Amino acid sequence: MAQKHRHVHQYELDKWRMFAQYISTYDTWKSKSPQWRDSQSVTQGVLFFGIGDMLRMAREKFDLDLIYSIGKRWNSRIYNKVRSVSEKAWIRKYCGLSIAFVNNTEKLTSELGDELGKSHDLVVIYYVTLESGTPNVVCSLRTRSNFDTTQVSFPMGGGGHKPSSGFMVELGSMNLMSVFDKIEELALASMIKTVIES
C-alpha cells in the first residue's frame, strides 16, 4: 500500500514539474521549444483557477489535463482574435527590412509577436497609456529572426533581450509617427551594421 502511495505521489509531482516547465516556456522568443504551443494553452487555462484551487490541487490530485483542455479551447479563440488584429497591422518595408506595427489594445503581446514574426523581421506592438498623467507610448519589440531588438530599444531608453525587448516614450517631445520613424531608422542602422560586420 505504501508503495502504491509513493507511486501516485511521484506521478503528481511529475505533473507539477511539467506544469512549471510549460509556464516557463510561454514567452515568444522561446517559440522554437516543442512545448511552447502547449505552454500557451496551460497559461490560458490556469487563469480559470483561483489560488485556492491551485493550493488544493497541490495537496490532492493535480489535474493538468483539465487545465490544458480549458486553455486549449480558450487559446483557439484567442488566436482567432490574433489573426484578426494581425490583418490590421501597418507594414513598413525598406531595403529588405520588414517591420510590422500593431496596436496592442487586446494585450496580446506574445501572441501577436509570434504571429506577425512569421513574416516580418521586427514586430512592434504598441499602446498609448495615460497612467502617469501624461500620454506615453509603450512599445514591445519581438522577432523570430536573427534581428537584435535591443539595437532599437536600448537607444530609446528601454531594455530587454535580443529577441524580445521594449521601451516607453512620452508623447510630447515626439508624436506617434516620429516614434515609428525612429524605430525604422534604428532598425535599418542595425541591419546595415550586421551586413557590414558579416
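In case you missed it, the structure is sitting above this.
None of the values given here were measured: they were computed from a predicted structure. (Residues numbered from 1 in each chain as written. Predicted model: local features only at pLDDT ≥ 70, side-chain atom pairs only at ≥ 80, totals over all residues. Heavy atoms only, no water.)

(A) Summary view of the overall build of the protein. For the protein, the helix and strand inventory stands at 7 helices and 6 strands. The order of α-helices and β-strands along the protein, N terminus first, is α-α-α-α-β-β-α-β-β-α-β-β-α. Once the C-alpha set of the protein is aligned to its principal axes, its extents read approximately 70 × 45 × 30 Å. Burial analysis of the protein (198 residues in total) assigns 42% to the buried set. Looking at the protein alone, contacts between residues at least 24 apart form 52% of all its contacts between residues at least 6 apart. Roughly 11,300 Å² of accessible area belongs to the protein as shown, and the carbon and sulfur atoms make up 56% of that amount. Once the 25 positive and 21 negative side-chain charges of the protein are each reduced to a mean point, those two points are 6 Å apart. (Helix = DSSP H or I, 4+ residues; strand = E, 2+ residues; numbered from the N terminus. Buried < 20%, exposed > 50% of the residue type's maximum accessible area, 1.4 Å probe, protein only. Contact = heavy atoms within 4.5 Å. Areas by Shrake-Rupley, 256 points an atom, 1.4 Å probe, with all protein chains shown as cover. Lys, Arg positive; Asp, Glu negative; His and termini not counted. Charge placed at Lys NZ, Arg CZ, Asp CG, Glu CD.)

(B) Spatial organisation of the packing of helix α2 (residues 36-46) against helix α4 (residues 64-86). Running from N to C, α2 and α4 point in directions that differ by 100 degrees, and their axes come no closer than 6 Å. As summarised for this structure, α2 and α4 are arranged roughly perpendicular, according to the angle between their axes. Contacts between α2 and α4 involve W36, R37, D38, Q40, S41, V42, Q44, G45 and V46 from the first element and L64, I67, Y68, I70, G71, K72, W74, N75, I78 and Y79 from the second. When grouped by side-chain class, the residues that make up the contact of α2 with α4 number 10 nonpolar, 6 polar and 3 charged. (Axes fitted to C-alpha atoms, helices over the stretch in contact; angles between N-to-C directions. Parallel < 35°, antiparallel > 145°, perpendicular 65-115°, else oblique. Nonpolar A, V, L, I, M, F, W, Y, C, P; charged D, E, K, R; others polar.)

(C) Layout of the nonpolar core. Counting residues in hydrophobic clusters, the biggest one holds 20 residues, and the most contacted among them are L122, V124, C139, V152, F167, V179 and I183. Secondary-structure elements contributing two or more residues to this core are β2 (97-103), β3 (122-129), β4 (136-142), β6 (164-170) and α7 (176-197). Broken down by element, this core gets its largest block of residues, 6 residues, from α7. Apart from the residues lying within four places of it in its own chain, the contact partners of I183 are F101, L122, V124, C139, V152 and F167. Grouped together as the second largest cluster of nonpolar side chains are 13 residues, W36, I78, L108 and V123 included. (Core = buried A, V, L, I, M, F, W, Y, C linked by side-chain atoms within 4.5 Å.)

(D) Structural context of the pattern of salt bridges. Applying the stated criterion to the full structure yields 9 salt bridges. Taking the shortest distance from any N to any O, the salt bridge between E184 and R92 comes out at 2.7 Å. Of this pair, E184 sits in helix α7 while R92 is found in strand β1 (residues 90-94), placing the two residues 92 residues apart along the sequence. Note that D114 is salt-bridged to R144, the shortest N-O span being 2.9 Å. Separated by 30 residues along the polypeptide, D114 in helix α5 (residues 109-117) and R144 in the loop between β4 and α6 (150-153) bring together distant segments of the chain. Looking at D114, the relative accessible area reads 1%, which means it is buried. R144 sits in the partly exposed class, given a relative accessible area of 35%. Among the charged side chains, a network of salt bridges with common partners joins R37, D114 and R144. (Salt bridge = Lys/Arg side-chain N within 4 Å of Asp/Glu carboxyl O.)

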